[in-house]
Amino acid sequence: MSNIRFEQIEGKSLGFYTLITGLGILILAALVSVYYVEHHGHFVTGMNNRIVWGMPHVFALFLIVAASGALNVASISSVFNKKLYKPLSRLSGLVALSLLAGGLMVLVLDLGRIDRLIVAMTEYNFKSIFAWNIILYNGFFVVVAIYLWMMFERRMNKFSHKVGLVAFSWRLILTTGTGSIFGFLVARQAYDAVIMAPMFIIMSFSFGLASFILILMASYKWTNRPLGNIIVNRLRNLLGVFVAAVMYFVAVYHLGNSYLAENTGIENFILFDGGIYTKLFWYGQIILGGIVPMILIYHPITREDRSMLGLSSVLIIIGGFVQLYVIIIGGQAYPMELFPGKDVLGDYGDIAQYFVSLPEIFLGIGGIALAIIIVTFLVKFLAFLPESLEDDLADSYHKR
Amino acid sequence: MKHFLVVFLSLLVSSVFAYIDEYANLGEQASSIKASGKVFHESPSIIRKMHPELLRHKRDKTLRKGIRTNNYSLKGCVSCHANKNKTNNQYYSVDKKGQFCSDCHKKVGVSFDCFSCHRTTLREGLL
Amino acid sequence: MNKTLNRRDFIKIMNVTTTGVVIVASGITLTTFASVSEIPVTNKKRWGLLIDTNKLTETDIDGMVNACQQEQGWGAEIRSTASQKPGWIKKLKVKDKTTNKVSNLALMCQHCEEPPCVDVCPTNASMKREDGIVLVDKHLCIGCRYCMMACPYDARSFVHETLKNQKEHMPRGKGTVEACTMCVHRVDKGETPACVESVNSEAVIFGNLYDESSQINQTLRIVQSSQIRADLNLNTGVRYSGI
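Source: prediction; values computed, not measured.

## With respect to the overall build of chain A
So, point 1. What chain A contains, in helices and strands, is 15 helices and three strands.
So, point 2. The C-alpha atoms of chain A give 21 Å as radius of gyration, which agrees with the globular expectation for 400 residues (21 Å, within 12%).
So, point 3. Overall, the C-alpha framework of chain A stretches about 70 × 50 × 40 Å when taken along its three principal axes.
So, point 4. Put simply, 79% of the contacts in chain A that link residues at least 6 apart link residues at least 24 apart.

## Some details on the interface of chain B and chain C
So, point 1. In this complex, chain B contributes 17 residues to the contact, which on the side of chain C involves 23 residues.
So, point 2. Tallied by class, the residues present in the side of chain B that touches chain C amount to five nonpolar, four polar and eight charged.

## Quick look at the sheet that holds strand β3 (residues 102-108) of chain C
So, point 1. With antiparallel pairing, the three strands of this open sheet are ordered in space as β2(A)-β2(C)-β3(C). With one partner strand each, in any of the chains shown, β2 (342-345) of chain A together with β3 of chain C form the two edges of the open sheet. Between one strand axis and the next, the sheet turns by 40° as a mean value, whatever way the strands run.
So, point 2. Of the pairings in the sheet, the one linking strand β2 (residues 89-96) of chain C to β3 of chain C comprises seven bridges and is antiparallel in character. Counterpart to K91 of chain C in the pairing with β3 of chain C is A106 of chain C.

## Considerations on the environment of Y91 of chain B
All names here are of chain B.
So, point 1. Assignment of secondary structure puts Y91 in strand β2 (residues 90-91).
So, point 2. As for Y91 and T120, which are separated by 29 residues in sequence, their C-alpha atoms are 9.1 Å apart.
So, point 3. Discounting chain neighbours no more than four positions away, the residues touching Y91 are A82, N83, K84, T121 and L122.

## Notes on the interface of chain C and chain A
Often the size quoted for an interface is simply the accessible area lost on bringing the parts together.
So, point 1. Each side of the interface is counted separately: chain C has 44 residues, and chain A has 39 residues.
So, point 2. Contributions of two or more residues to the side of chain C that touches chain A are made by β2, α3 (116-120), α4 (146-150) and β6 (157-158) of chain C.
So, point 3. Among the elements that take part in the side of chain C that touches chain A, β2 of chain C stands out by supplying six residues, more than any other.
So, point 4. Tallied by class, the residues present in the side of chain C that touches chain A amount to 19 nonpolar, 13 polar and 12 charged.

## As for the arrangement of the chains
So, point 1. The interface with the highest contact count, out of two pairs of chains in contact, is the one between chains A and C.
So, point 2. Regarding chain A and chain B, which are not in contact, the minimum distance between any of their C-alpha atoms is 10 Å.

## Overview of the packing of helix α4 (residues 89-109) of chain A against helix α8 (residues 196-222) of chain A
All names here are of chain A.
So, point 1. Direction vectors running N to C along α4 and α8 enclose 115°, while the axes themselves pass 10 Å from each other. For α4 against α8, the interelement crossing comes out right-handed. The segment α4 lies against α8, with L91, S92, V95 and L99 engaging S211, F212, I215 and L216.
So, point 2. Looking at the contact of α4 with α8 residue by residue, the class counts come to six nonpolar, two polar and no charged.

## A short note on unusual backbone geometry
So, point 1. Although it is not a glycine, N89 of chain B sits at a positive phi angle of roughly 65°.
So, point 2. Among the secondary structure elements, N89 of chain B is positioned in the loop between β1 (84-85) and β2.
So, point 3. For N89 of chain B, a count of 8 C-beta atoms within 10 Å puts it in the exposed group.
So, point 4. With phi around 50°, N235 of chain C is a residue other than glycine that occupies positive phi space.
So, point 5. Here N235 of chain C lies in the loop between β9 (225-226) and β10 (238-241).
So, point 6. For N235 of chain C, a count of 16 C-beta atoms within 10 Å corresponds to the partly exposed category.

## Focus on α4 of chain A
So, point 1. Taking 1.5 Å per residue as the helical rise, α4 of chain A with its 21 residues ought to reach 30 Å, and the 30 Å between its terminal C-alpha atoms agrees with that figure.
So, point 2. Counting buried residues along α4 of chain A, 19 of its 21 residues qualify, which places the element largely inside the surrounding structure.

## Description of the pairing of strand β8 (residues 204-208) of chain C
Residues and elements named next belong to chain C.
So, point 1. Most of β8 is tucked away, with four of its five residues classed as buried.
So, point 2. The sheet contact formed by strand β1 (residues 47-52) and β8 spans five bridges and is antiparallel. Its bridge partner lying in β8, W47 is registered against N208.

## Structural notes on the sheet that holds β8 of chain C
All names here are of chain C.
So, point 1. Read from one edge to the other, the open sheet built from four strands follows the order β8-β1-β10-β9, with strand pairing classed as mixed. The open sheet has two free edges, formed respectively by β8 and β9, since each of these has just one partner strand.
So, point 2. Of the strand pairs in this sheet, β9 and β10 are connected by two bridges, and their pairing is antiparallel. Within β10, the position partnered with S226 by the bridge is Y240.
So, point 3. Strands in contact with helix α7 (residues 215-222) are β1, β8, β9 and β10; relative to β8, the strand with the most contacts, it is inclined by about 115°.

## Structural notes on the environment of E202 of chain C
Residue and element names in this part refer to chain C.
So, point 1. Along the chain, E202 falls in the loop between α6 (194-198) and β8.
So, point 2. Classification of E202 by C-beta neighbours within 10 Å gives exposed; the count is 12.
So, point 3. The sequence separation of E202 and D52 amounts to 150 residues, and the corresponding C-alpha distance is 8.1 Å.

## What to know about helix α11 (residues 276-298) of chain A
So, point 1. Along α11 of chain A, the helix axis deviates most sharply at I287 of chain A, where the bend reaches about 45°.
So, point 2. All of the buried residues along α11 of chain A are Y277, L280, F281, G284, Q285, G289, G290, P293, L296 and I297 of chain A.

## Here we look at the confidence of the model for chain B
So, point 1. The predicted model of chain B averages 82 in pLDDT, with 80% of residues at 70 or higher.
So, point 2. Per-element confidence in chain B is highest for helix α3 (residues 44-65) of chain B, whose mean pLDDT is 92, and lowest for helix α1 (residues 2-17) of chain B, whose mean pLDDT is 66.

## Describing the nonpolar core
So, point 1. Counting 190 residues, the largest nonpolar core has F62 and L63 of chain A together with V204 of chain C as its most contacted members.
So, point 2. If we ignore the near neighbours within four places in the chain, the residues touching L63 of chain A are L99, G102, G103, V106, G367, I368 and A371 of chain A.
So, point 3. Formed by 13 residues, the second largest nonpolar core is a distinct cluster that contains V78, C101, C114 and L122 of chain B.

## Some details on the packing of α8 of chain A against helix α9 (residues 229-259) of chain A
Residues and elements named next belong to chain A.
So, point 1. Interhelical geometry of α8 versus α9 gives an angle of 150° and a closest axis separation of 9 Å. Put simply, α8 runs roughly antiparallel to α9. For the element pair α8 and α9, the recorded crossing hand is left-handed. Where α8 abuts α9, its residues P198, M199, I202, M203, F205, S206, L209, A210 and I213 lie against L235, L238, L239, F242, V243, A245, V246, F249 and Y253.
So, point 2. Residues of the contact of α8 with α9, tallied by class, amount to 17 nonpolar, one polar and no charged.

Calculation rules
Residues numbered from 1 in each chain as written. Chains lettered and ligands numbered in written order. Predicted model: local features only at pLDDT ≥ 70, side-chain atom pairs only at ≥ 80, totals over all residues. Helix = DSSP H or I, 4+ residues; strand = E, 2+ residues; numbered from the N terminus. Rg over C-alpha atoms; globule rule 2.2 N^0.38 Å. Contact = placed C-beta atoms within 7 Å. Nonpolar A, V, L, I, M, F, W, Y, C, P; charged D, E, K, R; others polar. Pairing = 2+ DSSP bridges. Axes fitted to C-alpha atoms, helices over the stretch in contact; angles between N-to-C directions. Left-handed = near helix turned anticlockwise from the far one by under 90°. Buried ≥ 20, exposed ≤ 12 C-beta atoms within 10 Å, placed from the backbone. Expected span 1.5 Å × (residues − 1). Bend = angle between axes of the 7 residues up to and from the residue. pLDDT = per-residue confidence, 0-100. Core = buried A, V, L, I, M, F, W, Y, C linked by C-beta atoms within 7 Å. Parallel < 35°, antiparallel > 145°, perpendicular 65-115°, else oblique.

In structure tokens:
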């Protein structure tokens, strides 16, 4: 630990205050949207009785999934003993906490009765995966907070390995829980698959690391701190592996689903004739969010370029949103198979329509803004960021 | 510290209110029962303090167990404590300003959530 | 505090005695008290419906939807779009892919024995009564809509706007989920659901599935009937024949 000096950022520049103000405005816009929706009712949104979960859930699930993934950097350092990642582990814990806070904000503020949130904390149905998730999310805050404490407090450093192990297991269970929200929905052909849980875990690795890399690069650039190539390259390679893994899981999921005759309808819908959902799947999720970042990460021309890594991270995040949109909205849009061997005539047998509304988008963006503003404030007040991540420092650290 | 003071004071105020016997707006039926000297609630102070629990207990019995008696039913409360608008012969909503439920709840500063779902007026011909 | 505790005990004792008295009294005057029961419903009964799609005409179904709206007070929402409006009971036209036979049927909450909506509800707001009727406890509903995601029958609706003038027996409110209650308020009084009453023929039968002397039980023994999505093993309370 002795080589690495953690230090707060100064946080007095014009840029810092502009950032805070901008994010504050976005959060305010989200709160205004929430008030608007709660006051009028959900009829002002695009959600309806067939598209039950809409854009807010896309944002919320992305942030929650990314949150658990962002903790990976810390886990690699303390659980798998890769010393190179050690200087990044504090930031990793922080990004995990703030992304989760943002996601939960979006999820909670879209409830029909926000005023009854206390009921969700006092009445538990232990058969419900949602209820488990409430416990898992709250527990994640506690576990990661303790983990951070172990890392910050010199006397406690010796425990950070054990607590890190707990945090790592906890995050795996958490993402399993998030994936199972869908995986256990027997009613809907798009969701009823056990592979949902591991797929969500691997998605979290990729989305979380992409978010982490962006935050890391931005904070080092804006504070003029040195960030060496060794660490960046490591993260880049890791990201490439995760993106490939996500694509692999998506392929297995769709192949497995197509194999069942009862699911051919939904598979055809997503893969071939689902209009907007098919386009989003191929162009958004697969090409923009998978293939292009892979090329950027591995191609000799773009490999060394740091801004290309930033671009691939952005593309992975966009692809992640698209992927969740296709899973959540596309999965609901296709009518449920109520009568095998029969067609349902009339409106009810058609694809459900969803037109996203502005308040939903504002709410979602507000969640992202909340996550970033938490990071921005905390790196100012606590020593999360190493003063330098210069190559020689990282290298010596790595070799020891 | 301040918080405790607020909690303490509001408890104090509400317990004082629980023993005050005068209300401007009791509702039509309730007023006439009172005027006739009949006793409906044996102890108004207990009803004032306990009605949330009584209603909650009753709601679970009705909804979950199918026991649809009139004791402590919200319908019962509304039917006695509602007022009629003399000009158009319509009942006022009990959660409207100046009516029984809202009046008292406002006085003690406690919000209530019954009428975001429950009907606020008595249906004609119930009693 | 002492005083309230005493009061509570007093109420408890009073309840026990009245229940006792009612049990004894009901033995003597059997039917007089039948309309308002003080005894909790039990799992000795299981309420169900049998819908015969061969006998059920389209007008019948329209009548059922109408009767449901009248009874429970839904369908008059002004701000919600068509897909946001509640639909406690829906008219469905189903065509067989091979024979092209078209059947009309009414789809509502199927009152499963193993309801997915109850399993997924985080706050126990989705619940099943002992007698098999599946309900939403709107006092506990936080409006998360997970039950709507889990229901294989799309039976539940979310209230998208502020409501007024609800029916006295059917509280409904913005931000909570609702569905067919099998007219539980009527069933508890010994009546039949409004939709069943609206159909003149024997196309829809309501009754206690467990009671071997009931018409529904007897009919189910002789006609071939099915459950929608029987593959999910939810053991629905609503059965269909003719599809």
